Amino acid sequence: MVLSFEAVEEVCESTQTTLVIHPAIRRAIKGYEESFYVGLRCYLAGEADGAYFLPLHEGGYVRLVFSKRVSSGGHKLLRIDPLTKEGLARIKASLD
């Protein structure tokens, strides 16, 4: 069975956590959902440091970091962000 991004969203919903992820990152994960899912599950279980190396289509990778936050309204958030500022630009460029 191949996992889809919906499996990632279901993990977040099961822990009543809102996933915060840029649409370009979501698109770039296509094809890597299984390893992303495993990394996310390990992070949420406290078994990993929250780093994920997203392969880019033209080669190389962008390091993503998972971080848990709480909104001002008290809701649990899980943010997925590139480690560096140029990371998102590299991801967007790889999708063109």
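Predicted model, so just to flag it, every value in this text is computed and none were measured.

Novice: Explain helix 1 (residues 5–14) here, please?
Specialist: Three or four residues apart is the spacing at which side chains of an α-helix point the same way, because the helix has 3.6 residues per turn. Those residues of helix 1 that sit buried are F5, A7, V8, V11 and C12. For helix 1, the angular spread of buried residues about the axis comes to 160 degrees, placing them on one side. Along helix 1, the residues that are exposed and aim more than 90 degrees away from the buried face are E10, E13 and S14. Taken together, the buried residues of helix 1 touch strand 1 (17–21), helix 2 (23–28), helix 3 (33–44) and strand 4 (76–82). Looking one or two places after helix 1, you find Q16, whose phi comes out positive at around 55 degrees.

Novice: Can you walk me through the sheet that holds strand 1 in this structure?
Specialist: Sheets are built from strands that pair by backbone hydrogen bonding, the pairs being arranged parallel or antiparallel. Taken in spatial order, the 4 strands line up as 1-4-3-2 in an open sheet, and their pairing is mixed. Of all strands in the sheet, those bounded by a partner on one side alone are strand 1 and strand 2 (51–55). Across the sheet, the mean angle from the axis of one strand to that of its neighbour is 25 degrees, orientation sign disregarded. Relative to strand 3 (residues 61–70), strand 2 runs antiparallel, the two sharing 5 bridges. Bridge pairing in strand 3 links Y52 to L64. Sheet contacts for helix 1: strand 1 and strand 4; angle to strand 1, the most-contacted strand, approximately 140 degrees. Where helix 4 (residues 85–95) meets the sheet, it contacts strand 2, strand 3 and strand 4, and its direction lies at approximately 120 degrees from that of strand 3.

Reading guide: rules and limits
Residues numbered from 1 in each chain as written. Predicted model: local features only at pLDDT ≥ 70, side-chain atom pairs only at ≥ 80, totals over all residues. Heavy atoms only, no water. Buried < 20%, exposed > 50% of the residue type's maximum accessible area, 1.4 Å probe, protein only. Helix = DSSP H or I, 4+ residues; strand = E, 2+ residues; numbered from the N terminus. Arc of directions from axis to C-beta. Contact = heavy atoms within 4.5 Å. Pairing = 2+ DSSP bridges. Axes fitted to C-alpha atoms, helices over the stretch in contact; angles between N-to-C directions.

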